[in-house]
Amino acid sequence: MSETHGFEALRQFEGVEGVGPRNEPPPLREQKLDQFGRAYATGKRKNAIARVWLKPGKGNITVNGKTLEVYFARPVLRMMINQPFKVSDREGQFDVVCTVVGSGLSGQAGAVRHGVAKALSDYEPALRPTMKHNGFLTRDSRVVERKKYGRKKARRSFQFSKR
């Protein structure tokens, strides 16, 4: 009774298409655009959800009908949103229109960054490895821990009193 395991089983199928050692790089993804030539993506962070539309343009970013400078007044949040463009050397080449709901400004900025990175990788699939390497395509799953019964906050206990 002879059983083939591991490499011996693969040797039988060396000539078969799609089986055997892979030396070629993985195939590039296809460009995903809507009928208006825009790339769409949804970004999430904490409890914020951002719907992002990306199209070639002059670099204008609109959030909930307001400019980026008006909606995100803090420079750190604006820098965070522009990170995917900076890393991919695409600053000032795309217009972004997005709507954001939920959470606070920090969570919303993270959601917009996540959405922009996903939309960029959909518009130009060659940028996907760069975005993935910098961690922009990974959804940050950290959310606020719930308050527990018998405690003041999620982990903070009431102050101990000796007398």
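Predicted model only: the values in this text are computed from it and were never measured.

Quick look at the overall build of the protein
- Along the backbone of the protein there are five helices and five strands.
- Shown N-terminal to C-terminal, the secondary structure of the protein runs as helices and strands in the order α-β-β-β-β-α-α-β-α-α.
- Per-residue burial over the protein gives 29% buried out of 163 residues.
- Relative to all contacts within the protein whose residues are 6 or more apart in sequence, the contacts with residues 24 or more apart total 67%.
- Summed over all atoms, the accessible surface of the protein reaches about 11700 Å², with 52% contributed by carbon and sulfur.

Quick look at the nonpolar core
- In terms of nonpolar packing, the biggest core is built from 31 residues, with Leu-54, Val-63, Phe-72 and Phe-85 touching the most fellow members.
- Going through the elements one at a time, strand S1 (39-45), strand S2 (48-56), strand S3 (61-63), helix H2 (68-71), helix H3 (75-87), strand S5 (94-101) and helix H4 (105-123) are the ones with two or more residues in this core.
- It is H4 that provides the largest number of residues to this core, a total of eight residues.

Details of the packing of aromatic side chains
- Summed over all chains, the structure comprises four aromatic pairs.
- Connected via pairs of aromatic rings, a cluster forms that spans Phe-85, Phe-94 and Tyr-123.

Here's the deal with the environment of Ser-106
- With respect to the helices and strands, Ser-106 occurs in helix H4.
- Put simply, Ser-106 and Arg-74 are 32 residues apart on the chain and 9.7 Å apart in space, counted from C-alpha to C-alpha.
- Ignoring anything within four residues of it in the chain, the contact list for Ser-106 reads Leu-77 and Met-80.

Rules behind the numbers
Residues numbered from 1 in each chain as written. Predicted model: local features only at pLDDT ≥ 70, side-chain atom pairs only at ≥ 80, totals over all residues. Heavy atoms only, no water. Helix = DSSP H or I, 4+ residues; strand = E, 2+ residues; numbered from the N terminus. Buried < 20%, exposed > 50% of the residue type's maximum accessible area, 1.4 Å probe, protein only. Contact = heavy atoms within 4.5 Å. Areas by Shrake-Rupley, 256 points an atom, 1.4 Å probe, with all protein chains shown as cover. Core = buried A, V, L, I, M, F, W, Y, C linked by side-chain atoms within 4.5 Å. Phe/Tyr/Trp six-rings, centres within 6.5 Å; stacked < 30°, edge-to-face > 60°.

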